[in-house]
Amino acid sequence: MPNDAVAAEWKPVNYCTNWDRNPRVNEDAIPAIAKSIQRFGFVAPVVVWKGRERLVAGHTRIAALKSLLVADPSFVPPHAPGPGLIPVREHPFKNEDEANAYAIADNKLAESAAWDVGGLIELLQELDESAEVDIATLG
């Protein structure tokens, strides 16, 4: 199987470098994302520019895991093979412009979706009645 076909590989949290031009202000979201990682683990991998080891998408998730590791260096997210590991999807972006465009699209495209407010309220009420979910951790 060609390496490009691998969906994600577990790598050390310091495997990649942050994008120094990231326009997102993530700090306020880190505690909520950390709670999500504690609850669900890493369901989606971070995206790294293959061959450059530059983080393209997932800055907040990595910052959240680092904050959890500061509090407890032995913390292992659910379904992770060990502490300090993140699932990484490496992608061979053609150039800086393509990597930067994807980074923006990864964050902005989800913002253009709308909520079915009635359906959302119904789901939140069901989850609120469940002993399994603390809806305060859903954002």
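Values in this document were obtained by computation on a predicted structure and should not be read as measured data.

(A) Geometry of the layout of surface pockets. There is about 1,000 Å³ of room inside the largest pocket. Lining the largest pocket are 35 residues, with Arg24, Ala29, Ile33, Ser36 and Arg61 sitting closest to its centre. Among the secondary structure elements, those contributing two or more residues to the lining of the largest pocket are helix H1 (30–40), strand S3 (54–57), helix H2 (59–71), helix H3 (96–111) and helix H4 (117–129). Grouping the constituent residues of the lining of the largest pocket by class yields 21 nonpolar, ten polar and four charged.

(B) Structural context of H2. Spanning 13 residues, H2 covers 19 Å between terminal C-alpha atoms, matching the ideal 18 Å at 1.5 Å per step. Within H2, burial applies to His59, Thr60, Ile62, Ala64, Leu65, Leu68 and Leu69. In this fold, the buried residues of H2 make contact with H1, strand S2 (46–49), S3 and strand S4 (85–91).

(C) Looking closely at a nonpolar patch on the surface. Among the surface-exposed residues, Phe40, Val43, Leu124, Leu127 and Leu138 lie close enough to one another that they form a single nonpolar patch of about 420 Å² accessible area. You can see Phe40 is positioned in helix H1. For Phe40, a relative accessible area of 38% corresponds to the partly exposed category.

(D) The nonpolar core, seen in detail. Val46, Ile62, Leu65 and Ile86 are the most contacted members of the largest nonpolar core, which has 17 residues in total. With five residues, H2 is the largest single contributor of residues to this core. Each residue touching Leu65, except ones within four places of it in the same chain, is listed here: Val13, Ile37, Phe42, Phe75, Pro77, Leu85 and Ile86. Val47, Val56, Ala57 and Phe93 belong to the second largest nonpolar core, which has eight residues in total.

(E) Looking closely at the side chain of Arg54. Following the sequence through the fold, Arg54 ends up in strand S3. A distance of 2.7 Å separates polar atoms of two side chains, one belonging to Arg54 and the other to Glu96. Setting aside residues up to four positions removed in sequence, Arg54 forms contacts with Thr17, Asn18, Trp19, Val47, Val48, Trp49, Glu96, Ala99 and Asn100.

(F) Spotlight on the environment of Val6. Residue position: Val6 is located in the segment before strand S1 (9–12). C-alpha separation for the pair Val6 and Ala80, spaced 74 residues apart in sequence, amounts to 17 Å.

(G) Local environment of the packing of H1 against H2. Interaxial distance between H1 and H2 falls to 8 Å at its minimum, and their mutual angle equals 75°. Between H1 and H2, the angle is such that the two are roughly perpendicular. Side by side, H1 and H2 meet where Ile30, Ile33, Ala34, Ile37 and Gln38 of the first sit next to Thr60, Arg61, Ala63, Ala64, Leu65, Ser67 and Leu68 of the second. When its residues are assigned to classes, the contact of H1 with H2 shows eight nonpolar, three polar and one charged.

(H) Quick look at the sheet that holds S4. Read across the sheet, four strands follow the order S1-S4-S2-S3 without closing on themselves; strand pairing throughout is mixed. Two strands bound the open sheet, and with one partner strand each, they are S1 and S3. Each strand of the sheet is rotated relative to its neighbour by a mean of 55°, with strand direction disregarded. Note: S2 against S3, three bridges, orientation antiparallel. Bridge pairing in S3 places Val48 opposite Leu55. On the sheet, H3 packs against S2 and S3 and is oriented at approximately 40° with respect to S3.

Definitions and limits used
Residues numbered from 1 in each chain as written. Predicted model: local features only at pLDDT ≥ 70, side-chain atom pairs only at ≥ 80, totals over all residues. Heavy atoms only, no water. 1 Å grid on protein atoms, 1.4 Å probe; cavity = no way out; pocket = protein on both sides within 12 Å on 5 of 7 lines; lining within 4 Å. Points joined across faces, edges and corners; volume = space filled by probe spheres on them. Helix = DSSP H or I, 4+ residues; strand = E, 2+ residues; numbered from the N terminus. Nonpolar A, V, L, I, M, F, W, Y, C, P; charged D, E, K, R; others polar. Expected span 1.5 Å × (residues − 1). Buried < 20%, exposed > 50% of the residue type's maximum accessible area, 1.4 Å probe, protein only. Contact = heavy atoms within 4.5 Å. Patch = residues over 30% accessible without salt bridge, like charges linked within 9 Å, V, L, I, M, F, W, Y side chains within 5 Å. Areas by Shrake-Rupley, 256 points an atom, 1.4 Å probe, with all protein chains shown as cover. Salt bridge = Lys/Arg side-chain N within 4 Å of Asp/Glu carboxyl O. Core = buried A, V, L, I, M, F, W, Y, C linked by side-chain atoms within 4.5 Å. Polar contact = N/O pair within 3.5 Å; in protein donor to acceptor, adjacent residues only side chain to side chain. Axes fitted to C-alpha atoms, helices over the stretch in contact; angles between N-to-C directions. Parallel < 35°, antiparallel > 145°, perpendicular 65-115°, else oblique. Pairing = 2+ DSSP bridges.

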